[in-house]
Amino acid sequence: MQNTTSKNRYNKLAVQSNVANALNAVDGDKFKLDLRLEGDSFLLASWPLCDVRRFDDQRYDWLMLIPRVDNSIEFTDLSEAQQRQLALEVQQVSLLLKEFGSGEKLNVGALGNVVSQLHVHLVMRHSQDPAWPGPVWGHSAAKRFDDATKATEVKRWQALL
C-alpha cells in the first residue's frame, strides 16, 4: 500500500462534486443561521452544502460546517445526496485541519444539545489545551479574536479552503 500524507489526499476541488448541483442546499430566503452560531463564529467560505465557519476562540483550531438546509436538526433530516456531501465536506475539513491545524487529536462532533440547528464541529485538540482531555464545550469562556487577528485568521483559512 502506498504511503500518502493528508497533504497528498487533500483536494480543494473535491467538495465541488457532481452531487453538489442536486443538493438544493440553499432554499431561498428560508435558511436562517441560528443567532448563537452566528455570534460564536465567523464565515470563512460557502461550499456546495455547508458554510464553513471559524469558531471565535483563539485557543483552538476549531471549524464548523453548517448545512444550508432549512429546518435541518438531525443528520437524517438531510436527503441522501446531502448526507453524502456533508460526509465529503467533513472529510475535507478534517484533512485540512490535520495538515494545517495545531494539535494532536481531531475531534468531530454534531451534538446539538444547546443549538439544535444541524452543525458539525471539527476541533484540533492538544494535551496542553485548557479543556484537555475533557470536552471543549462549556469548559470556559472563549478567548475571542480581536479585529486584526480575526482578519488574519480569515485570510489564513480562506487561502487553504
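Residues numbered from 1 in each chain as written. Predicted model: local features only at pLDDT ≥ 70, side-chain atom pairs only at ≥ 80, totals over all residues. Heavy atoms only, no water.

Undergrad: For this particular structure, what's the right way to read the environment of Trp62?
TA: Tracing the backbone through its elements, the reader meets Trp62 in strand β3 (residues 61-67). Distance in space between the C-alpha atoms of Trp62 and Met124 is 6.4 Å, their sequence separation being 62 residues. (Helix = DSSP H or I, 4+ residues; strand = E, 2+ residues; numbered from the N terminus.)

Undergrad: So what exactly am I meant to see when it comes to the sheet that holds strand β2 (residues 50-55) here?
TA: Each strand in a sheet pairs with another by means of backbone hydrogen bonds, the pair being arranged parallel or else antiparallel. A sheet is described by the order of its strands in space; here 5 strands give the open sequence β1-β2-β3-β5-β4, paired in antiparallel fashion. Bordering the open sheet on either side are β1 (41-46) and β4 (105-109), each of which pairs with just one other strand. The sheet shows a mean angle of 25° between the axes of neighbouring strands, direction not considered. Where β1 meets β2, 5 bridges bridge the pair, whose relative direction is antiparallel. The partner of Leu43 across the bridge, within β2, is Arg53. Contacting β1, β2 and β3, helix α4 (residues 147-160) crosses the sheet at an angle of about 25° to β1. (Pairing = 2+ DSSP bridges. Axes fitted to C-alpha atoms, helices over the stretch in contact; angles between N-to-C directions. Contact = heavy atoms within 4.5 Å.)

Undergrad: What's the story with the packing of aromatic side chains in this structure? I'm lost.
TA: Between two aromatic rings, the relevant description is the distance of the centres plus the angle of the planes. On inspection of all chains with the given rule, the structure shows 4 aromatic pairs. On the basis of an interplanar angle of 15° and a centroid distance of 3.9 Å, the ring pair of Phe55 and Trp62 is categorised as stacked. Take Phe55: its relative accessible area is 12%, and that puts it in the buried class. Taken together, a centroid distance of 6.1 Å and an interplanar angle of 85° make the contact between Trp62 and Trp137 edge-to-face. (Phe/Tyr/Trp six-rings, centres within 6.5 Å; stacked < 30°, edge-to-face > 60°. Buried < 20%, exposed > 50% of the residue type's maximum accessible area, 1.4 Å probe, protein only.)

Undergrad: Any chance you could explain the environment of Ser72 here in plain terms?
TA: By the secondary structure assignment, Ser72 is in the loop between β3 and α3 (80-100). C-alpha separation for the pair Ser72 and Phe31, spaced 41 residues apart in sequence, amounts to 9.5 Å. If we ignore the near neighbours within four places in the chain, the residues touching Ser72 are Pro67, Asp77, Leu78, Ser116, Gln117 and Leu118. From its side chain, Ser72 meets the backbone oxygen of Val69 in a polar contact 2.9 Å long. (Polar contact = N/O pair within 3.5 Å; in protein donor to acceptor, adjacent residues only side chain to side chain.)

Undergrad: What am I meant to see in unusual backbone geometry here?
TA: Residues apart from glycine generally show negative phi values, whereas peptide bonds are mostly found in trans. Omega for the peptide link from Trp132 to Pro133 comes to 0°, which places this bond in the cis form. Within the fold, Pro133 resides in the loop between β5 (120-125) and α4. One non-glycine residue, Asn71, lies in positive phi territory at about 60°. Turning to its location among the elements, Asn71 is positioned in the loop between β3 and α3.

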